[in-house]
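The lines below spell out each chain.
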Amino acid sequence: MKRSTIVIAGGACLLVLGAAFAGVSLAGGQGTAGARSGAAAGTDSTWSFPLPALRGGGYSSLTGVRPGGAWPTLPRRVLGPVQPIFYRHDIHAGQYRMPCLYCHNNAGNSWTANIPTESTCMGCHLVTSAPDTAGNPNPEIQKLRDFYSKGENIPWVRINKIAEHAHFPHMRHVNAGLTCQSCHGNIQQMPRVFPANDVNRMGWCTDCHMRRGITRDCTACHF
Ligand code: HEC
Ligand code: HEC
Ligand code: HEC
Ligand code: HEC
Ligand code: HEC
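Conventions used here
Residues numbered from 1 in each chain as written. Chains lettered and ligands numbered in written order. Predicted model: local features only at pLDDT ≥ 70, side-chain atom pairs only at ≥ 80, totals over all residues. Heavy atoms only, no water. Helix = DSSP H or I, 4+ residues; strand = E, 2+ residues; numbered from the N terminus. Donors = N, O, S within 2.8 Å, 3.2 Å for Na, K, Ca; no water. Tetrahedral: all angles 85-135°; square planar, octahedral: opposite > 155°, others 65-115°. Buried < 20%, exposed > 50% of the residue type's maximum accessible area, 1.4 Å probe, protein only. Axes fitted to C-alpha atoms, helices over the stretch in contact; angles between N-to-C directions. Parallel < 35°, antiparallel > 145°, perpendicular 65-115°, else oblique. Left-handed = near helix turned anticlockwise from the far one by under 90°. Contact = heavy atoms within 4.5 Å. Nonpolar A, V, L, I, M, F, W, Y, C, P; charged D, E, K, R; others polar. Near = heavy atom within 4 Å. Polar contact = N/O pair within 3.5 Å; in protein donor to acceptor, adjacent residues only side chain to side chain. Phe/Tyr/Trp six-rings, centres within 6.5 Å; stacked < 30°, edge-to-face > 60°.

1. Brief notes about the environment of Asn105
Now for step 1: Secondary-structure assignment places Asn105 in the loop between α3 (100-103) and α4 (118-125).
Now for step 2: For the pair Asn105 and Ile115, spaced 10 residues apart in sequence, the C-alpha to C-alpha distance is 8.7 Å.

2. Structural notes on the coordination of the iron atom of ligand 3
Now for step 1: Note on the iron atom of ligand 3: its protein donors are His170 (NE2) and His184 (NE2). The metal-donor distances range over 2.0 to 2.1 Å.
Now for step 2: Taken together, the six donor atoms coordinating the iron atom of ligand 3 span angles of 87 to 179° at the metal, a pattern that classifies the geometry as octahedral. Of this pair, His170 sits in helix α6 (residues 170-175) while His184 sits in helix α7 (residues 180-184), and the two are 14 residues apart along the sequence.
Now for step 3: Residue classification places His184 among the partly exposed residues on the basis of a relative accessible area of 23%.

3. A closer look at the packing of α4 against helix α5 (residues 139-150)
Now for step 1: With their axes 10 Å apart at the nearest point, α4 and α5 run at an angle of 125° to one another. Considering their axes alone, α4 and α5 lie oblique with respect to each other. Of the two possible hands of crossing, α4 and α5 adopt the one that is left-handed. Residues Glu118, Ser119, Cys121, Met122 and His125 of α4 pack against Ile141, Leu144, Arg145, Phe147 and Tyr148 of α5.
Now for step 2: Among the residues forming the contact of α4 with α5, the class breakdown is six nonpolar, two polar and two charged.

4. Details of unusual backbone geometry
Now for step 1: One non-glycine residue, Ala130, lies in positive phi territory at about 40°.
Now for step 2: In this fold, Ala130 is placed in the loop between α4 and α5.
Now for step 3: On the accessibility criterion, Ala130 (12% relative accessible area) is buried.

5. So, the site of ligand 5
Now for step 1: The immediate surroundings of ligand 5 are formed by 14 residues, with Asn200, Met202, Cys218, Cys221 and His222 found nearest.
Now for step 2: Met202 has a polar backbone atom sitting 3.1 Å from an oxygen atom of ligand 5.
Now for step 3: Separating a nitrogen atom of ligand 5 from a side-chain N or O atom of His222 is a distance of 2.7 Å.
Now for step 4: If you list the elements that add at least two residues to the shell around ligand 5, you get α8 (202-212) and α9 (218-221).
Now for step 5: Top contributing element to the shell around ligand 5 by residue count: α8, with four residues.
Now for step 6: Partitioned by chemical class, the residues of the shell around ligand 5 number six nonpolar, five polar and three charged.

6. Side note on the packing of aromatic side chains
Now for step 1: A complete count under the given rule lists two aromatic pairs for this structure.
Now for step 2: A ring pair is formed by Tyr87 and Trp156, whose centres lie 6.5 Å apart and whose planes are at 70°; its orientation type is edge-to-face. Note that Tyr87 is positioned in the loop between β2 (46-50) and α2 (89-95) and Trp156 in the loop between α5 and α6, a separation of 69 residues in sequence.
Now for step 3: Looking at Tyr87, the relative accessible area reads 27%, which means it is partly exposed.
Now for step 4: Accessibility expressed as a relative area gives 28% for Trp156, which makes it partly exposed.
Now for step 5: Considering the side-chain rings of Trp111 and Phe223, the 6.0 Å spacing of their centres and the 75° angle between planes classify their relative orientation as edge-to-face. One end of the pair, Trp111, is in the loop between α3 and α4; the other, Phe223, is in the segment after α9, with 112 residues separating them in the sequence.
Now for step 6: Residue class for Phe223 comes out exposed when judged on its relative accessible area of 62%.

That is the geometry; function is a separate question.
So, in structure tokens, the structure goes:
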């Protein structure tokens, strides 16, 4: 898969720190990030880095993606449970095209897909804070920084969960080439995650298995 590159504007003083944190290489150069709502006037320093090349977990649709430019506008009604931080997939995975596996890196090699740790977020947000014109950080990013400095875990609300007596191996599905979106919907367009499918329904699992000739042996999922 082609390497993705993220170009973001940030405070020059924290550049090196942020880059060391994220383990990314800096490439100077002129910014392509256009006018972003909430961006401070005068943050003209731009940093860019390649995200890791990843297999699987790609996009099924890139419609509505706007690299740089204004943040995607919020719909009148934002679906999904209210989270402790208003973290937006439509900005990170959509507008900035961050690969799903950059954050959910276990999805391809483990039964459970992980929620990223705060360090993953802070690799960028030590540097970028989407400040307002007065230079104050975006309040939601400030919440992230507060959790991080207090050493507290962010109590994210769990959305997809199947019954304890059944087992779902993420890695088998991701490595079989199924996109995340085929089960979770177009997450990269969601300001807040909502369940696109009721995953806790045996018929949903077995329908797809039947269509694709995958096992429906009870012990594959119940053991
Ligand atoms: C910058 C990191 C990051 C990226 C990139 C990212 N996510 Fe997430 N994802 C999160 C965080 C944090 C949460 C928990 C908060 C929430 O639900 O929004 C989450 C939650 C989710 C959930 C719900 C988990 C649950 O509780 O059931 C799904 C599904 C998901 N992401 C899929 C994706 C997909 C698909 C992509 C790529 C299109 C993606 N994510 C890209 C950080 C990320
Ligand atoms: C690869 C870099 C990167 C990572 C990793 C990252 N972000 Fe961001 N984030 C950005 C950029 C770029 C913006 C837009 C900032 C701007 O326009 O100045 C942003 C904006 C935000 C915002 C404000 C807009 C919004 O989405 O509501 C929040 C809150 C946020 N990020 C939270 C998080 C959290 C929580 C994580 C970890 C799960 C995370 N970010 C991981 C790059 C990143
Ligand atoms: C075949 C359907 C399917 C595919 C494909 C899939 N998921 Fe999931 N996902 C699920 C189910 C089912 C659950 C609930 C699992 C459970 O409760 O054990 C889930 C749960 C999650 C969760 C919550 C944490 C967890 O593991 O329980 C995250 C995050 C997530 N998925 C992200 C992703 C990402 C990112 C991808 C693509 C790389 C992906 N998923 C691909 C069906 C899928
Ligand atoms: C969109 C289609 C789809 C859905 C929905 C789906 N699966 Fe699968 N599943 C597959 C495919 C394709 C494979 C084969 C992967 C491979 O070849 O390794 C698979 C393989 C599996 C396996 C491994 C089977 C073996 O051969 O050992 C288990 C276990 C499994 N799925 C459980 C589930 C559960 C539980 C659910 C529902 C929560 C579910 N799947 C939903 C497509 C799906
Ligand atoms: C592809 C995965 C998969 C296979 C194969 C599968 N199940 Fe399930 N089963 C699930 C999931 C996921 C749930 C939990 C969701 C639910 O309750 O509908 C479940 C739930 C159940 C329940 C509880 C239903 C309820 O209403 O509480 C029973 C009983 C059950 N399965 C029996 C079986 C039997 C018997 C077989 C073999 C003929 C089988 N399952 C094959 C995934 C599977």
